[in-house]
Amino acid sequence: MGQRQSRLSSNQIHSWIKWLWLLAGTVFLVIGLIGAVLPVLPTTPFLLLTAYCYNRGSPRFHMWIVNHRWLGPPIRDWEANKVIRLKYKVISTVMVAGTGAFILYKESIPVWGKIGYFVVVVSAMGYVWTRRSE
C-alpha cells in the first residue's frame, strides 16, 4: 500500500507567508496605536514596521495605511525619502520621557521592568534620532 504524502504547493506556502506578513503588520499597528494613545512606546517605528509588513502581505492594506489621514504622513515621508520629520521625533521623545519619569517614580514597578522599558525605549529612540530629518 502506498504512503499518502501531503506537501504544500508553492502557492499554498506563498499564501501562508502573506498571511504571516499581514498578521505581523497588524500586531505592529496595534502596538503603534497603543503608543499613540498611551505614551508607553514611540509610534513612528511601529507604523514603519506596519507599512513594511503590509507591503509584503497585501497591496490593499499597504495603500490603506499609506493613505490614512493621520497614520500615513510619517510612512509616506519614510518611503519617499527615508526621513522622519523633526516634529515626530520630538513628539515621540516627549511622550517616552514622560512615561519614563512616571515609571521611575512608580514604586510598584519592579526594577527589571524599569530596566526593560528603558532598554527598549533607548533603542527605539536611538533609531528614530539617527534617521535623517526634513
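Thresholds applied
Sequence order as written defines residue numbering, which begins from 1 separately in each chain. Whole-chain, interface and lining totals are the exception, using all residues; otherwise, since this is a predicted model, local features are given only for residues with pLDDT of at least 70 and side-chain atom pairs are given and counted only at 80 or more. Derived side-chain values reflect all non-hydrogen atoms in the structure, with water molecules and hydrogen atoms excluded from consideration. We count a stretch as a helix when DSSP gives it H or I for four or more residues in a row; a strand needs E for two or more, and each element gets its number in order from the N terminus. For helices, the fitted line uses only the C-alpha atoms of the stretch in contact; every axis is such a line through C-alpha atoms, and the angle between N-to-C directions lies from 0 to 180 degrees. Should an angle fall under 35 degrees it is called roughly parallel, over 145 degrees roughly antiparallel, and 65 to 115 degrees roughly perpendicular, with every other angle called oblique. The criterion used for residue contact is that any of the two residues' heavy atoms lie within 4.5 Å. pLDDT is a per-residue confidence score from the predictor, ranging from 0 to 100. The span one expects for a helix is its residue count, reduced by one, times 1.5 Å. Relative accessibility thresholds used throughout: buried, under 20% of the residue-type maximum; exposed, over 50%; partly exposed, between the two (1.4 Å probe, protein chains only). The reported arc concerns the directions from the helix axis to the C-beta atoms and nothing else. Two rings belonging to Phe, Tyr or Trp (six-membered ring only in the last case) form a pair when the distance between their centres is within 6.5 Å. Interplanar angles under 30 degrees mark stacking, angles over 60 mark edge-to-face geometry, and anything in between is tilted. A ring has a charge above it when a Lys NZ or an Arg CZ is no more than 6 Å from the ring centre and no more than 35 degrees off the ring normal.

J.: What is the right way to read unusual backbone geometry from this model?
T.: In this model, K82 sits at a positive phi of 55°, which is unusual for a non-glycine residue. Within the secondary structure, K82 sits in the loop between α4 (72-81) and α5 (86-105).

J.: In this structure, what is going on with the packing of helix α3 (residues 59-66) against α4? I would like to understand it.
T.: Helix-helix packing: each pair is described by the crossing angle between the helix axes and the interaxial distance. The contact between α3 and α4 brings their axes to 7 Å, and the two run at 110°. In terms of axis orientation, α3 runs roughly perpendicular to α4. Touching H62, I65 and V66 of α3 are G72, I75, R76 and E79, all from α4.

J.: Looking at this model, I keep getting lost on the confidence of the model for the chain. Mind explaining?
T.: Low pLDDT marks stretches whose predicted atomic positions should not be read closely. Averaged over all residues, the pLDDT of the chain is 89; the fraction at 70 or higher stands at 95%. Predicted confidence in the chain is weakest over α5, with a mean pLDDT of 89, and strongest over α3, with 96.

J.: For this particular structure, what's the right way to read helix α6 (residues 111-129)?
T.: Every α-helical turn comprises 3.6 residues, leaving residues that sit three or four positions apart pointing alike. Here α6 contains 19 residues, and its C-alpha end-to-end distance of 26 Å stays within 8% of the 27 Å for a straight helix at 1.5 Å per residue. All of the buried residues along α6 are G113, K114, Y117, V121, A124, M125 and V128. Around the axis of α6, the buried residues are gathered within 110° of arc, so they sit on the same side. Exposed side chains of α6 directed beyond 90 degrees from the buried face belong to V111, W112, I115, V119 and V122. Looking at the buried residues of α6, the elements they touch are α2 (44-57) and α5.

J.: Would you take a moment to explain the packing of aromatic side chains for this structure?
T.: By the definition in use, this model includes five aromatic pairs. Consider the rings of W21 and Y52, whose centres lie 5.7 Å apart with planes at 75°: the pair is edge-to-face. Within this pair, whereas W21 is found in helix α1 (residues 10-37), its partner Y52 is found in helix α2, the two being separated by 31 residues in sequence. Accessibility expressed as a relative area gives 28% for W21, which makes it partly exposed. Arranged with centres 6.4 Å apart and planes meeting at 50°, the rings of W78 and Y127 form a pair that is tilted. A residue pair is termed long-range when its members are at least 10 positions apart, and W78 in helix α4 and Y127 in helix α6 qualify at 49 residues. The residue whose ring lies beneath R56 is Y52, and the NZ or CZ to ring-centre distance is 3.7 Å. Lying across the ring of Y127, R131 places its NZ or CZ 4.1 Å from the centre.

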